[in-house]
Amino acid sequence: MLSRIRREGQKLAVNGTGINAVQSLSFGYESTAQPITTLGLNKVVYAPGAPQTASIQANSLMVYDDFFIQFTGELPFSGQVDYKDQNVKFTEAYLTSYSSSCSIGEIPSLGMGADIYGEMGTGDYLNFETITPHDTELKIAGYNSININLDEFNTNRVNSYSLDIQTPRTAVYAFNDKTPSEVVSESPLDITMQFSIDADDYKIKNIRFVPEETSFRNVSISINKNNSTENIKTFSFRNMLLVSEQYQSDMNGNVQISFVLKGTVLRV
Amino acid sequence: MASIRYDQIPLTIQYGSRTEKILAYDCSLSETADLQPVYSIGKKGVAEQTPQGARTASVSFSYTPVLTGITNEKFKSKGDYNIINGVADELKTTKASQSFGVSLMFGGISGEGLLTSYSVSLEPYAPVQCSVNFELFGSGENIPASGELKAQSLFRSPASDLASKVGHSAYSSFMTAQSPATITSSDETGILKSVNYSINFNYEPVYKLGQEFPSTFLYHSATEEARLMENVYETGIAFTGKSEKFHLDVKSIDNNNTISVNMENPVLMSTQLRVSSNGVAETEKTIRSFY
């Protein structure tokens, strides 16, 4: 009889630790084998045209242990995905993007993407001695327990925020190696924050505000456990540059203003 | 006449008793007639355009070497299965002209040429790409290139396969102690990210009055060069030239059938260091040999 695999039959672990509150997971690869199409072609032959990589993406709810933020640095991670009686392992994964977002009526969420330069697939090339089980108490954050400090927002209601951190990497390959000799973490990190507010007295800048009135803002987002003051995550950035503002309205809604702040963080 | 697709134009070369079908990505032929305008006193316009020199042609193509071509004992004994690599090696070793030309045939056109340049490029984990140029001079009554472009009918195999016998960087490497990789003062060896090797040959065609095409060719010299992309930089280029090593074995995906490229006494000619914002420092060095 055909069976299926549901959410309870899967598990994602990174460096031996089970990841909590995963909402979606995808991983895979695209073979670099390419046909050699030559003059007078009488047979199609394939050969690897570039080193092989893979990628993994996951989304989770914001819970007390935000596991992936620590990998925006230079260290890689390994992991495994268990589904039914299968076990897919991966090594040398480098985080390339990290995101977090929440809007009214949503549970704050996290997202990550990583490129895998080592191995990925079934096989016995990696052995975590013991994998910590997923937690049963997650301490999920709630939209009603977020404090945002943006200087001028006493009379303007924040409807949503989104945070995106890009952490690009450059793999350095020897010409005859299938795995990189090193993976260089590029600098700076690009940070983008977008806020959407119900406007009251918000003043949109003149489009020629740069350079005389260039606007930098300190941003702090403190996320607490749902309906609680127990802090589980704080994002804090200094001197984020205001790069865009967008006014939006229609017949049936309030005036909404979206604005984007950009930051760049140099690696140490 | 219908247009002709690339897969109807096979490229084959022949050298002595060896024939090799080339896995060529492109091929170009150009022919030139050396015509000059003739002016004369008493005539306002040009009198005519008249030949001043011989017709010449050149054929160039890029390809991935197949390492199990037809061999003869001479080349087999050197562990060399590739005609063009073998010809280049023979020329620079003997420092003599090709005893006979390489026959080139593609799409119904054929000619006989002298190898004038040959290059080998290795990028990370990819098929090796070679580029080559032949000069076709013609001889006796034979014009440099003859025949006409025609679609060739070929037997086509429906089966796909792994290109296990083609040159690939996967298992290619430098012989022990024959690598040009830079070793830093702290004994770290640079990562060789790509290798671009080339050799150019200079010949002198010898013409006789009364004949359009040359009667023979004299070998003059060859210049061999390798550009190496690395991740470390060696400062302080030597005034008298620093000796380097270069003995590359190009192998197939099944880790067999090497073609060897060995530079004799190469010397470091130039180094470059480049870095731009949001990037990693890249270094390149060029080593050169002359024959």
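Residues numbered from 1 in each chain as written. Chains lettered and ligands numbered in written order. Predicted model: local features only at pLDDT ≥ 70, side-chain atom pairs only at ≥ 80, totals over all residues.

Focus: the overall build of chain B
Counted only if it meets this: A run of H or I in DSSP becomes a helix once it reaches four residues, and a run of E becomes a strand once it reaches two; helices and strands are each numbered from the N terminus. Exposure criterion: with C-beta atoms placed from backbone coordinates, a residue whose C-beta has 20 or more other C-beta atoms within 10 Å is buried, one with 12 or fewer is exposed, and one in between is partly exposed. The contact criterion used is a C-beta to C-beta distance within 7 Å, with each C-beta placed from the backbone.
Along its length, chain B carries 2 helices and 17 strands. Here chain B holds 291 residues, and the buried ones make up 34% of them. Of all intrachain contacts in chain B linking residues separated by at least 6 positions in sequence, the fraction that spans at least 24 positions is 68%.

A few points about the interface of chain B and chain A
Convention followed: Throughout this entry, Asp, Glu, Lys and Arg are counted as charged residues, while Ala, Val, Leu, Ile, Met, Phe, Trp, Tyr, Cys and Pro are counted as nonpolar. The remaining residues, Gly among them, count as polar. Being paired, for any two strands, means DSSP has found at least two bridges between them.
Taken together, the contact between chain B and chain A spans 43 residues of the former and 25 residues of the latter. Of all the secondary-structure elements, those providing two or more residues to the side of chain B that touches chain A are strand 2 (18-32), strand 10 (161-162), strand 11 (167-174) and strand 12 (194-206) of chain B. For the side of chain B that touches chain A, the leading source of residues is strand 11 of chain B, giving 6 residues. Its residues assigned to classes, the side of chain B that touches chain A shows 27 nonpolar, 11 polar and 5 charged. Direction of pairing for strand 5 (residues 45-48) of chain A relative to strand 10 of chain B: parallel, over a ladder of 2 bridges. Within strand 10 of chain B, the position partnered with Tyr46(A) by the bridge is Leu162(B).

Notes on the sheet that holds strand 14 (residues 247-252) of chain B
Think of a sheet as strands paired side by side through backbone hydrogen bonds, with each pair either parallel or antiparallel. All names here are of chain B. Rules: Working convention: axes come from line fits to C-alpha atoms, limited for helices to the stretch in contact. Angles between N-to-C directions cover 0 to 180 degrees.
One open sheet holds the 3 strands; their spatial order is 11-14-15, and the pairing between them is antiparallel. Either end of the sheet is taken by a strand with one partner, and the two such strands are strand 11 and strand 15 (259-262). The mean angle between the axes of side-by-side strands here comes to 25°, regardless of whether they run parallel or antiparallel.

Quick word on the pairing of strand 11 of chain B
Residues and elements named next belong to chain B. Of all the 8 residues making up strand 11, 6 are buried; the element is thus mostly covered by neighbouring parts of the structure. Relative to strand 14, strand 11 is paired through 4 bridges, and the arrangement is antiparallel. If you follow glycine 167 over to strand 14, its bridge partner there is serine 252.

Focus: the confidence of the model for chain A
The criterion, for reference: The predictor attaches a confidence to each residue, and that confidence, scored 0 to 100, is pLDDT.
Per-residue confidence for chain A averages 88 on the pLDDT scale, and 97% of its residues sit at or above 70. Put simply, strand 11 (residues 141-149) of chain A is where chain A has its lowest mean pLDDT, 80, and strand 9 (residues 109-116) of chain A is where it has its highest, 96.

Examining the nonpolar core
Selection rule: By definition, a nonpolar core groups buried Ala, Val, Leu, Ile, Met, Phe, Trp, Tyr and Cys residues that connect through C-beta atoms lying within 7 Å of each other.
Within the largest apolar cluster, 61 residues are counted, with the highest numbers of intra-cluster contacts made by Ala24(B), Phe61(B), Ile84(B), Val87(B), Leu115(B), Phe134(B) and Val195(B). In this structure Ala24(B) touches Thr38(A), Leu39(A), Leu11(B), Phe61(B), Ser62(B) and Tyr63(B), once residues within four positions along its chain are discounted. Tyr98(A), Met193(A), Phe195(A) and Phe259(A) belong to the second-largest nonpolar core, a separate cluster that totals 41 residues.

Some thoughts on the confidence of the model for chain B
Residues at a pLDDT of 70 or more form 96% of chain B, whose mean pLDDT is 88. Both scores are given for the predicted complex: the pTM is 0.87, the ipTM 0.84.

Thoughts on the pairing of strand 14 of chain B
Direction of pairing for strand 14 of chain B relative to strand 15 of chain B: antiparallel, over a ladder of 4 bridges. Each residue of the ladder has a partner; that of Val250(B), found in strand 15 of chain B, is Ile259(B).

Things to note about unusual backbone geometry
Excluding glycine, residues mostly have negative phi values, and the peptide bonds linking residues are mostly trans. Residue and element names in this part refer to chain A. Omega for the bond connecting serine 187 with proline 188 falls within 30 degrees of zero, at 0°, which places this linkage in the cis form. Mapped onto the fold, proline 188 is located in the loop between strand 14 (182-185) and strand 15 (189-198). You will see that asparagine 15, though not glycine, has its phi angle at about 50°, which is positive. With respect to the helices, strands and loops of the structure, asparagine 15 is situated in the loop between strand 1 (10-14) and strand 2 (17-18). Positive phi is not limited to glycine here, since lysine 84 has a value of about 50°. Using a count of 11 C-beta atoms within 10 Å as the deciding quantity, one classes lysine 84 as exposed.

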